[in-house]
Amino acid sequence: MNQTVNRATAIALLLLLVSACSTGQETPPNPTGAATTAHGTAAGASATAETMAAALRQLVAKDHTFGEGPPPFIDYLILTSLDPAAGTGFATQPMRPLTRSERGAIEEAISNFGPVTWIDDRDDFISDDLTPTIEGAAIIGVGEPSIDGDTALVPVSLWCGGTCGTWLTYRLDLRSGSWIVTGTEGPRAIS
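Everything in this summary refers to the structure shown in the same document. All residue numbers refer to position in the chain's written sequence, counted from 1. Local features in this predicted model are restricted to residues whose pLDDT is 70 or higher, and side-chain atom pairs enter the listing and the counts only when it is 80 or higher, whereas totals over whole chains, interfaces and linings include all residues. Processing note: side-chain calculations cover all non-hydrogen atoms of the structure and skip hydrogens and water entirely.

### A look at the packing of aromatic side chains
Right, so step 1: The criterion for an aromatic pair is that two Phe, Tyr or Trp rings (for Trp, the six-membered ring) have centres within 6.5 Å, with stacked assigned to planes under 30 degrees apart, edge-to-face to planes over 60 apart and tilted to the rest. The full count for this structure, using the stated rule, is 2 aromatic pairs.
Right, so step 2: Between F73 and Y76, the aromatic rings sit 6.0 Å apart at their centres with planes inclined by 80°, giving edge-to-face as the arrangement.
Right, so step 3: Owing to a relative accessible area of 7%, F73 belongs among the buried residues under this scheme.
Right, so step 4: Taking 6.1 Å as the distance between ring centres and 50° as the angle between the ring planes, the aromatic pair formed by W159 and W167 counts as tilted. For the pair shown, W159 and W167 are each scored as buried.
Right, so step 5: Geometrically, a lysine NZ or arginine CZ counts as sitting over a ring once it is within 6 Å of the ring centre and also within 35 degrees of the ring normal. The ring of W118 carries R103 above its face, with NZ or CZ at 4.5 Å from the centroid. Here the term buried applies to any residue with accessible area under 20% of the maximum for its type, exposed to any over 50%, and partly exposed to those in between, with areas from a 1.4 Å probe on protein chains only.

Here it is in structure tokens:
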């Protein structure tokens, strides 16, 4: 009888473990506790990817730190995980790998400006003189969006050298089904 109970218990635990590991969710829970819309659902995952892409498009196209005109970069080195220093320049946010849909949306938004290269660690691409190891490149990062209904905050970062970088948080609004950058929120750091 004890063997039967032990087997039944082991099988139940195994099934519980398998079901817990295979939830099928592409977007992990928000570790910051910030407001989200349907986080963990298809709608929440889509909103997260769309807000990240819209924010990084604004960063690269308009706020690239070189004034008016097109961005001067020839390659975009984009972090494969959330940038813990996005928004502030200080490592304060939790990290997680970007999901497939987030990476796809970001690549679609940025590839119009030049080639996209996905990197795991920014330090591997910063030389001793604090410039990107690929001449003319910019290192791009994004933090976890905070989505509350039709409004989102998305922290971002751009690094192109010791005196060439910016960290800020964009405010976005959902208008006619698209996320639009409407301003910034909080401090903005520029080097």
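### Describing the side chain of E144
Right, so step 1: Every helix listed is a DSSP run of H or I at least four residues long, and every strand listed is a run of E at least two residues long, numbered separately from the N terminus. With respect to the element layout, E144 can be found in the loop between β3 (137-142) and β4 (146-148).
Right, so step 2: Any N or O atom pair separated by 3.5 Å or less is treated as a polar contact, with the protein-specific requirement of one donor-capable and one acceptor-capable atom, and with residues adjacent in sequence counted only for side-chain atom pairs. Looking at E144, its side chain comes within polar contact range of the side chain of R96, at 2.9 Å.

### Topic: the nonpolar core
Right, so step 1: For the purposes of this section, nonpolar cores are sets of buried Ala, Val, Leu, Ile, Met, Phe, Trp, Tyr and Cys residues that join through side-chain atoms within 4.5 Å. One finds I106, I140, V156 and L172 to be the most contacted residues of the largest nonpolar core, which totals 31 residues.
Right, so step 2: Of all the secondary-structure elements, those providing two or more residues to this core are α2 (42-61), β1 (75-79), α3 (100-110), β2 (116-119), β3, β5 (151-161), β6 (164-175) and β7 (178-184).
Right, so step 3: Sorting elements by how many residues they give to this core places α2 first, with 7 residues.
Right, so step 4: Formed by 7 residues, the second largest nonpolar core is a distinct cluster that contains L77, A137, I139 and W159.

### Let's talk about the state of the cysteines
Right, so step 1: Disulfides are defined as pairs of cysteine sulfur atoms found within 2.5 Å of each other. For the structure on display, the rule yields 1 disulfide.
Right, so step 2: C160 shares a disulfide with C164; S-S distance 1.5 Å. Disulfide C160-C164: torsion about the S-S bond near -55°, hence left-handed. Each member of the pair, C160 as well as C164, is classed as buried.

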